[in-house]
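One-letter residues, chain by chain:
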Amino acid sequence: MEALPAYAGIARSLAVYYGQPWKTRTLRRLYADFVGPGDLAFDIGSHVGNRARVLHGLGARVVALEPQPRLHALLGRILPADRMTLLQAAAGAAPGRLPLAVSRRHPTVSTLSRPWIDAVSRTDGFAAVRWDETVDVEVVTLDALIAAHGRPAFVKIDVEGYEPDILAGLSTAVPVVAFEYLPATRDLAFACLDRLAALGPYRFNRTEGEIHRFLHADWQSAEAMRATLAALAADAPSGDVYASLPPG
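Residues numbered from 1 in each chain as written. Predicted model: local features only at pLDDT ≥ 70, side-chain atom pairs only at ≥ 80, totals over all residues. Heavy atoms only, no water.

Q: Summarise the sheet that holds strand S6 (residues 133-140); cite the residues concerned and give the values.
A: If you trace the 3 strands from one edge of the open sheet to the other, you get S4-S6-S5, paired in mixed fashion. Sheet topology places strand S4 (90-91) and strand S5 (96-102) at the edges, where each strand pairs with a single neighbour. (Pairing = 2+ DSSP bridges. Helix = DSSP H or I, 4+ residues; strand = E, 2+ residues; numbered from the N terminus.)

If you want it as structure tokens, here you go:
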């Protein structure tokens, strides 16, 4: 009986991320601008693998990280085996082991960041969420992944408040990085913008929710994207910021 909340949470995630195929098609069109056959992509925080599957479907070689044991086991069953490296690990600023706070009923918001939990717990959108399980997980850096697998064309990061720590473990610019932002914790997004701007001449755009199209006709500077995020209401939808290096 103790496992029932966890399996109910996983079933909910599968329904959300695989039950609306038109969203998968729009995500594929978005990713196709950045990833093609033979490219390498990192999926950091793979969850139920919908984005890893889209990247794979575009012909990419994919390194997918998912630290939650139940989700990692699920991914081993549902993701294609060819061109897919699945690691039961989290990413962070330094290698080691850290406690992962798991929400069994809402596994998509499991996180390594206790300050993030403290911040979002005060918002209406997280009122029903409880982090009721702790799992010690392996932590690797993006630099270590690059040393082991090569320089990726695309890095997707969705880790519930731990994004700045992950980017702290990256010392060289890669062509495209996408990281989640949450208006209630926008300071974390600001830290990500600062880190990426220090690594290279990135330009920025963003999407909102699971609507996979860019909101800005023109790519913005880090300063302009910071102003855009600062202007959002605290209860505005979350989304993804995309950082892209100029071609060449």
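Q: Hey, could you go over the sheet that holds strand S10 (residues 239-244) for me, with residue numbers and the actual values?
A: Read from one edge to the other, the open sheet built from 7 strands follows the order S3-S2-S1-S7-S8-S10-S9, with strand pairing classed as mixed. Edge positions in the sheet fall to strand S3 (84-87) and strand S9 (203-208), since each has one partner strand and no second. Going across the sheet, the axis of each strand differs from the next one's by a mean of 15 degrees, ignoring polarity. For strand S8 (residues 176-181) and S10, the ladder comprises 6 bridges, and the chain directions are antiparallel. Looking at the pairing, Val-177 lines up with Ala-243 of S10. Relative to strand S1 (residues 40-44), helix H6 (residues 142-149) is tilted by about 145 degrees, and along the sheet it contacts S1, strand S2 (61-65), S3 and strand S7 (154-157). (Axes fitted to C-alpha atoms, helices over the stretch in contact; angles between N-to-C directions. Contact = heavy atoms within 4.5 Å.)

Q: Give a detailed account of the pattern of salt bridges, specifying residues and quantitative values.
A: Between side chains of opposite charge, a pair can form when the charged atoms approach closely. Per the counting criterion, the structure on display carries 8 salt bridges. Among the salt bridges present, the one from Asp-240 reaches Arg-51, with a minimum N-O distance of 3.3 Å. In this pair, Asp-240 sits in strand S10 while Arg-51 sits in helix H3 (residues 50-57), placing the two residues 189 residues apart along the sequence. We note that Asp-240, like Arg-51, is buried. A salt bridge links Asp-194 to Arg-226; its shortest N-O distance comes to 2.8 Å. (Salt bridge = Lys/Arg side-chain N within 4 Å of Asp/Glu carboxyl O. Buried < 20%, exposed > 50% of the residue type's maximum accessible area, 1.4 Å probe, protein only.)

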